[in-house]
Amino acid sequence: MPEDDQHYLVGLDLAGRRVVVVGGGTVAQRRVPRLLGAGAVVEVISPSCTPSVQAMADAGELSWVPREYADGDLADAWYALACTADPEVNAAVCAEAERARIFCVRADSGIDGSAVTAAVGRHDGLLVGVLSGGHPLRSAAVRDRIVEALHTGAIGDGETHRGEGLPGVALVGGGPGDPELITVRGRRLLARADVVVADRLAPRELLDDLPPEVEVVDAAKIPYGRAASQEVINATIIEHAKAGRFVVRLKGGDPYLFGRGFEEVLACAEAGVPVVTVPGITSAFAVPAAADVPVTHRGVAHEVVVVSGHLPPGHEQSLVDWQALGRMRGTIVLMMGVERLALFAETLLAHGRPPETPVAIIEDGTMRTQRALRSTLDSVAGAAAEAGVRPPAVIVIGPVAALA
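Structural notes, computed from the coordinates. Quick caveat, the model's predicted, so the values are computed rather than measured.

Calculation rules
- Residues numbered from 1 in each chain as written.
- Predicted model: local features only at pLDDT ≥ 70, side-chain atom pairs only at ≥ 80, totals over all residues.
- Heavy atoms only, no water.
- Pairing = 2+ DSSP bridges.
- Helix = DSSP H or I, 4+ residues; strand = E, 2+ residues; numbered from the N terminus.
- Axes fitted to C-alpha atoms, helices over the stretch in contact; angles between N-to-C directions.
- Buried < 20%, exposed > 50% of the residue type's maximum accessible area, 1.4 Å probe, protein only.
- Right-handed = clockwise from strand over helix to strand, strands pointing away.
- Arc of directions from axis to C-beta.
- Contact = heavy atoms within 4.5 Å.
- Salt bridge = Lys/Arg side-chain N within 4 Å of Asp/Glu carboxyl O.

## Details of the sheet that holds strand β1 (residues 18–22)
If you walk across this open sheet you meet the five strands as β3-β2-β1-β4-β5, and the pairing is parallel. Strand pairing shows two members of the sheet lacking a second neighbour, β3 (63–65) and β5 (103–106), which therefore form its edges. For this sheet the average axis-to-axis angle between neighbouring strands, irrespective of direction, equals 20°. Examined bridge by bridge, strand β2 (residues 41–45) and β3 share three bridges and lie parallel to one another. Residue pairing for β3: Ile 45 is matched across the bridge by Val 65.

Below is the structure:
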């Protein structure tokens, strides 16, 4: 193959058509899911296969023939992949494919097959494929850069209007704070927004990537301080959406975990505004993980309860069973609990939690300013006060907080 790649890049419609994959190892494990996603009828021929390939066979997603390849196995196939660890078998598969005029990818020597698998990425209905003349790492690197640029809006995707074809509102979970931890779909929709209504805990750096014509509305909610009321936020979202603008409601963490996300969905539904929800990585689990605190661990914790500290124990509107939390032995993840930490600790101790129960507090999780404090339930309030712990912080209570 000359240095300039002379392959003809084309999209194959494999839906409902037989595709034969010879070999059931890690290469097949990587290639098969995209074939299944294209609707292909996949048959894997291999004496053995990886657990993932077998799981797909057990689920009926593909058929697995547990034997060696034999000449004639490609009969009636539209496409073939030779991906065994034996070059002679791969060559024989390609030879049969050539005789039968079936395009065939040879995984161990791409230039010797009649087809090459492009590095493929997706963006908002676009399928991006890159070939580089037998240099797959280069193809993948260029593919990643193109898709990332499309996601961020650095490369236009040909849309005549930023929000064209999208619902009035997208409720997007921005993740725990690090801008790289927003989901791909969340970032893609953010790049299409006409208006962004952002919370204080939403990934702030992403706002700087928006074009200057995008209107950013501050919907900061600061605990025990200045805050925009939920009614005002709802009205702002609906007003912009009804004016024909595509609104992204950008929240920290996941919209439905103490984020009042469903309140906003209900408000949009009542106003007749279409809305889509994009889940986010919840801070309740991601922030402890960023500080090497697993919320579960085999033999240590088999249960996790995520608790809001917005209301104190004994408050008439509180829905938390603090007595049950005191009796349980697993993990409590306490959100919004810094202000009343002494009261929460005292309540758990009173209802049976041992004084030596480990506690970890992670402040500004996943951010450059992240710091962690480890203590025990009987002394954590004093330790947090001495260290000057401030929100946002996630508090993990239970044996897992002692693991490091």
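Let's pick the thread back up.
## A short note on the pairing of β2
The buried fraction of β2 amounts to four of the five residues, a majority that puts the element mostly inside the structure. By the bridge criterion, five bridges tie β1 to β2 in an arrangement that is parallel. Opposite Val 19, over in β2, you have Val 42 as the bridge partner. Running through helix α1 (residues 26–37), the crossover from β1 to the neighbouring parallel element β2 is right-handed. For the handedness criterion, the β-α-β arrangement of β2, helix α2 (residues 51–58) and β3 is classed as right-handed.

## What about helix α7 (residues 261–270)?
Taken residue by residue, α7 has Gly 261, Glu 264, Val 265, Ala 267 and Cys 268 as its buried positions. Down the axis of α7, the buried set is contained in an arc of 165°. They therefore lie on one face. Turned more than 90 degrees off the buried face of α7, the exposed positions are Ala 269 and Glu 270. At its buried positions, α7 is contacted by β8 (169–173), α6 (230–242), β11 (247–251) and β12 (275–278). Once α7 ends, the next one or two residues include Gly 272, with phi positive near 75°.

## Here's the deal with the side chain of Thr 347
Tracing the sequence through the fold places Thr 347 in helix α10 (residues 341–350). Excluding its chain neighbours within four sequence positions, the residues that come into contact with Thr 347 are Pro 313 and Trp 322.

## Some thoughts on the pattern of salt bridges
Going through the model one piece at a time under the given rule, you end up with 12 salt bridges. A salt bridge links Arg 18 to Glu 43; its shortest N-O distance comes to 2.9 Å. Separated by 25 residues along the polypeptide, Arg 18 in strand β1 and Glu 43 in strand β2 bring together distant segments of the chain. We classify Glu 43 as buried; its relative accessible area is 18%. One salt bridge connects Glu 363 with Arg 371, and the closest N-O pair in it is separated by 2.9 Å.

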